[in-house]
Every structure is written in C-alpha cells, then in structure tokens.
Amino acid sequence: MCTSLKKKIMLVFGTRPEAIKMCPLVNELKARSSIETLVVVTGQHRQMLAQVLEVFHVIPDYDLSIMKEKQSLFDITINVLDNLKGILEETNPDVVLVHGDTNTTFATSLACFYMKIPIGHVEAGLRTYNVYSPWPEEFNRQVVSMISSYNFAPTALAFQNLIDEKRNSEMIWITGNTVIDALKTTVKTDYSHSELVWASDCRLILITAHRRENLGTNMYNMFRAIKRVLDEHSDVKAIYPIHMNPLIRSAAKEIFTNNDKIHIIEPLDVLDFHNFLSKSYLVITDSGGIQEEAPALAKPVLVMRDTTERPEGVIAGTLKLVGTSEEVIYNEFTLLLNNKDVYDSMAQAVNPYGDGHASERIADILEFGEMRH
C-alpha cells in the first residue's frame, strides 16, 4: 500500500521577537499529521531566545549557535549563510519559513534563493519605504519579498503594499499576526511578580528601547524625556526590561541612576513580558512587535520613532508616533497621562492585528493550499 510523503516544512529564526511569533506556528504545524516540521534556530539572540523556546515547549532540530560578543551585521549574515547551507542540503525541505525582517531572515532567504528552495515569509508586506528606518530591517524585508513564494501578510495594508510592488496576488494571503496567537498562551489572570507588587500603588509605564538607529543622541533624548515625566508624576512608576546591548545599558545608567521611580531589570521571558504588558497602564517604546501586542491588550503605545512599518495601529488610534525629540516625547507622554479622554480614545481603539488564529490560517495554506479557518 502506497502512502503519500509528508510535506517537509522548515522554520528558521534566531531572535527573541521572531521566536515569540514563530513558536505558535511551529506548534500548529507539528499538530498536522501530513506535515514534517523542522526547526532551525540561528542563535542571533541566545539567552533571550532560549527563554521563549522553553515557554512554548519548542525544541530545535538544529542550532547554528552563531552569537558572539559584539557581533556585527556582517558576522550574522556570513555565519548564517555558512552554517545553514549544509543543513539545507541534508534535509532538502519543501518550504522554508522565515519571519519579518531580521538578519537571520535575510540570510536564510538568500541561502534558500541560492539553492532554489521556496520561501514562506511570515509577517510579509510591512513597509516604511525608507531603507534606513528601521535599519537594517526595512531593507531585509523588502529583499525577502522579492524572492518569497508564500507571503503571509498580517493586515490588508500589508497585503496592498505587496500588490503595489507587483507581487503575485495568488501567493499573498491575509492571515493576521501570529503574535496575537502567542498572547492566548502567555497572558494569565492569576499572574504575579514582585516588580508588579512594587508598582501596584501607581500607574505602571512599561518601557522598551533598543533600536540600532536610536543608539547615541536619540537614546539619551528618550531617556531624559521619560525621567522628566516620572519626576513630575507622583502616581507613576516605570519598569524597563533593558536590552543586553552595553551602549544602551550605559546610557540608562547615566540617566536613571538613583531614580526611585523606575526599575531597570534584566530582559523578561515572553510569559513575564506579556503579563507585565497586561498589567501596565501604557507603553513607551521604539520596538516593533510590541506595537501589535499592546493594542490587543488595550494598552496605548507611544512609539519613539519617526516612522513605523505598522501604520495600521496609527490609523486605528492605538499607536502614536512621537519621534526622538526630548521635548516632543515629554509633551506627548505628559498629555497621555494627564488627559483621560486622549488615553481612553487610544485604549479603546480596535486592535487591527488579528484574532488569534493566524497560525491556523498559515498551516492551512501550507497543507491544503487555502485558508479553511
């Protein structure tokens, strides 16, 4: 009796944000009996990546372990290309799935292109159309779109970006964002943490700041603005899970040392972070994924960037771009704390990023060629 061969699908990711968004998809694909799922992690992030894998109970089949101290974009790209080639030759996957816009995503897609292996791009179609903002992410995602065979757009706007770029409409699907799937797993009603106890008598501000293009003057502007607002509001405290980058840590230490209104803590695993987010009053950030996560939990977001590849949130009213000027950040942050109507209009805006079933839709497309959910 003949049996059909399973479709072999490989997922490659290497950073904490990628893992948060890919692990729900890994587990959905592993639940499909007609699919053989292989997971490759590059280790572009190491400790932070391991935390996410543990939360979602994902065990990689291959680990490239490329991370090294003070690694550059050159290091990441070269080492992913060099280490992934043999794995692709050994496993010969039918499709390789990558996510978003990291250098892991770019280098993996380039390797697959060289070997003529079809690429599936999860979170396809995000754009600022400025290749230096965010850098290098905008370049990375545009290049991946040029060579991907499956484009899983999280929103109608992302879909339209790809159509405007003359991509084949038959290979683009609107699926929602898999990060909303992740929140269904991680947010707990009975969650507690000592840091949240410390902040329980105040409105909690959750801060994230790490973008490469904001290192230096912009980062100092951001931190000074935040400090001024914290100093002026007795009913506000902030928690900043700080990035590993030593330049960021140095700037934060210089601005926030001896300030009892902010706790700078080590990076949180995804379960802790999502629950901190759920308990917060608002978010101030230069990050990407949190712009999707926070609106799903009805948290207003001030984005310390001049551009965003997630304009759906700005249009919906859940996000506000405030740039990197100290005065603008200070003024917008103060307004959101002092004006309840402005706050409520952002908190009550409709989340544009999906319903928590993106992974099912992507798996259906890969398994059946169409969405069934």
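Look up: the structure comes first, before these words.
Residues numbered from 1 in each chain as written. Predicted model: local features only at pLDDT ≥ 70, side-chain atom pairs only at ≥ 80, totals over all residues. Heavy atoms only, no water.

Draft legend 1. Main features of the overall build of the chain. Per the secondary structure count, the chain includes 16 helices and 13 strands. For 373 residues, the compact-globule formula gives about 21 Å, and the C-alpha radius of gyration of the chain, at 20 Å, lands near that figure. Along the first, second and third principal axes, the C-alpha set of the chain runs to 75 × 40 × 40 Å. Across the chain, the fraction of contacts at a sequence separation of at least 24, relative to all contacts at a separation of at least 6, is 68%. Of the accessible surface of the chain, which amounts to about 15700 Å², a share of 52% is contributed by carbon and sulfur atoms. Each charge class in the chain can be summarised by its mean position, and for the 36 positive and 48 negative side chains these summaries are 1 Å apart. (Helix = DSSP H or I, 4+ residues; strand = E, 2+ residues; numbered from the N terminus. Rg over C-alpha atoms; globule rule 2.2 N^0.38 Å. Contact = heavy atoms within 4.5 Å. Areas by Shrake-Rupley, 256 points an atom, 1.4 Å probe, with all protein chains shown as cover. Lys, Arg positive; Asp, Glu negative; His and termini not counted. Charge placed at Lys NZ, Arg CZ, Asp CG, Glu CD.)

Draft legend 2. Geometry of the sheet that holds strand E3 (residues 62–63). Pairing in this open sheet of 7 strands is parallel, and the strands run E3-E2-E1-E4-E5-E6-E7 from one edge to the other. With one partner strand each, in any of the chains shown, E3 and strand E7 (172–174) form the two edges of the open sheet. Pairing analysis gives 7 bridges linking strand E1 (residues 7–13) to strand E2 (residues 35–41), with the strands arranged parallel. Paired with Lys-7 across the bridge in E2 is Ile-35. Those strands touched by helix H16 (residues 358–368) are E1, E2, strand E4 (95–99), strand E5 (119–122), strand E6 (150–153) and E7, and its axis lies near 160 degrees from that of E6. (Pairing = 2+ DSSP bridges. Axes fitted to C-alpha atoms, helices over the stretch in contact; angles between N-to-C directions.)

Draft legend 3. Quick look at a nonpolar patch on the surface. Together, Val-131, Tyr-132, Trp-135 and Phe-139 line one region of the surface with nonpolar side chains, adding up to about 420 Å² of accessible area. Its place among the elements puts Val-131 in the loop between E5 and helix H5 (137–147). Given the relative accessible area of 36%, Val-131 is considered partly exposed. (Patch = residues over 30% accessible without salt bridge, like charges linked within 9 Å, V, L, I, M, F, W, Y side chains within 5 Å. Salt bridge = Lys/Arg side-chain N within 4 Å of Asp/Glu carboxyl O. Buried < 20%, exposed > 50% of the residue type's maximum accessible area, 1.4 Å probe, protein only.)

Draft legend 4. Region of interest: the pattern of salt bridges. The full count for this structure, using the stated rule, is 27 salt bridges. In this structure, Glu-138 engages Arg-141 in a salt bridge whose closest nitrogen and oxygen atoms are separated by 2.7 Å. Of the two residues, Glu-138 and Arg-141 both sit in helix H5, 3 residues apart, roughly one turn of that helix. Both residues of the pair, Glu-138 and Arg-141, belong to the buried class. For Arg-305, the salt bridge identified is with Glu-309, shortest N-O distance 2.5 Å. Exposure remark for Arg-305: the relative accessible area of 3% places this residue in the buried category.

Draft legend 5. Quick look at the nonpolar core. In terms of nonpolar packing, the biggest core is built from 53 residues, with Phe-13, Leu-29, Leu-97, Phe-152 and Leu-366 touching the most fellow members. With 7 residues, helix H1 (residues 16–30) is the largest single contributor of residues to this core. Ignoring sequence-local partners within four residues, the contact set of Leu-29 consists of Ile-9, Leu-11, Ile-35, Thr-37, Leu-97, Ala-363 and Leu-366. Ile-207, Phe-223, Val-322 and Ala-347 belong to the second-largest nonpolar core, a separate cluster that totals 34 residues. (Core = buried A, V, L, I, M, F, W, Y, C linked by side-chain atoms within 4.5 Å.)

Draft legend 6. Region of the structure containing the pairing of strand E8 (residues 203–208). Judged by how many residues are buried, E8 sits mostly within the fold: 6 of 6 residues are covered. A two-sided burial pattern is seen for E8, the buried positions comprising Arg-203, Ile-205 and Ile-207 on one face and Leu-204, Leu-206 and Thr-208 on the other. Pairing geometry for E8 and strand E9 (residues 236–241), over 4 bridges, is parallel. Each bridged residue has a counterpart across the sheet, and for Arg-203 the counterpart in E9 is Val-236. In the classification by handedness, the crossover that spans E8, the intervening helix H9 (residues 217–232) and the parallel E9 is right-handed. Across 4 bridges, E8 lies against strand E11 (residues 282–285) in parallel orientation. Within E11, the residue paired with Ile-207 across the bridge is Ile-284. (Right-handed = clockwise from strand over helix to strand, strands pointing away.)

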